[in-house]
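Chain by chain, the residues:
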Amino acid sequence: MDVPETLLQYRFHLIVATLFSVFLVFLINYAPSLVTVVSYFWPLFLSTGVFLFSVVFFGRISPSESDTCGGRTGEELMHYVAGQEQHHAEGSLQYIGATATSKANNTLVSKVAHLCLCLIYAHSYC
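Read on for an overview of the structure. (Residues numbered from 1 in each chain as written. Predicted model: local features only at pLDDT ≥ 70, side-chain atom pairs only at ≥ 80, totals over all residues. Heavy atoms only, no water.)

1. Considering the overall build of the protein
Inference 1: Looking only at helices and strands, the protein features six helices and two strands.
Inference 2: If you list the helices and strands of the protein from N to C, you get α-α-α-α-β-β-α-α.
Inference 3: For the protein, buried positions account for 8% of its 126 residues.
Inference 4: Look at the contacts in the protein between residues 6 or more apart in sequence, and 42% of them connect residues 24 or more apart. (Helix = DSSP H or I, 4+ residues; strand = E, 2+ residues; numbered from the N terminus. Buried < 20%, exposed > 50% of the residue type's maximum accessible area, 1.4 Å probe, protein only. Contact = heavy atoms within 4.5 Å.)

2. Regarding the packing of aromatic side chains
Inference 1: In the structure shown here, the tally under the stated rule is five aromatic pairs.
Inference 2: Here the aromatic rings of Phe41 and Phe45 are separated by 6.3 Å at their centres, their planes lie at 50°, and the arrangement is tilted. One end of the pair, Phe41, and the other, Phe45, are both in helix α3 (residues 34–61), four residues apart, so they sit about a helical turn from each other.
Inference 3: Since its relative accessible area comes to 35%, Phe41 is described here as partly exposed.
Inference 4: Residue Phe45 is classed as partly exposed on the basis of its relative accessible area, which comes to 47%. (Phe/Tyr/Trp six-rings, centres within 6.5 Å; stacked < 30°, edge-to-face > 60°.)

3. Digging into a nonpolar patch on the surface
Inference 1: A cluster of nonpolar residues, Leu34, Val37, Val38, Tyr40, Phe41, Leu44 and Phe45, forms a patch on the protein surface that exposes about 720 Å² of accessible area.
Inference 2: As for its placement among the helices and strands, Tyr40 is situated in helix α3.
Inference 3: Residue Tyr40 is classed as exposed on the basis of its relative accessible area of 63%. (Patch = residues over 30% accessible without salt bridge, like charges linked within 9 Å, V, L, I, M, F, W, Y side chains within 5 Å. Areas by Shrake-Rupley, 256 points an atom, 1.4 Å probe, with all protein chains shown as cover. Salt bridge = Lys/Arg side-chain N within 4 Å of Asp/Glu carboxyl O.)

Rendered as structure tokens:
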């Protein structure tokens, strides 16, 4: 009579162990093998590996912040793109980023051209 009392005391443990065993048997019998999963997702694994390698590679070869543009943080480019006023070294006040053409012509082509000019302008300060 001691064994049924012990089984009754650990009934939840036995139920969980039985359910886990049944789940494991179904998983082994009906789940795809590891080779099948890898053969299906190999392009994803390859592209992720190439992306991570390129992030590490370009992170190592890119210059540090102190080397870029003489230590500037890019505020001049942000002011240029936003079209805000900027004081130059000569003391003259210049309104950059907003010309009469860009105000009048608000098409996608003018925005792309304006962005290219911004990048050229920022590169000239480096």
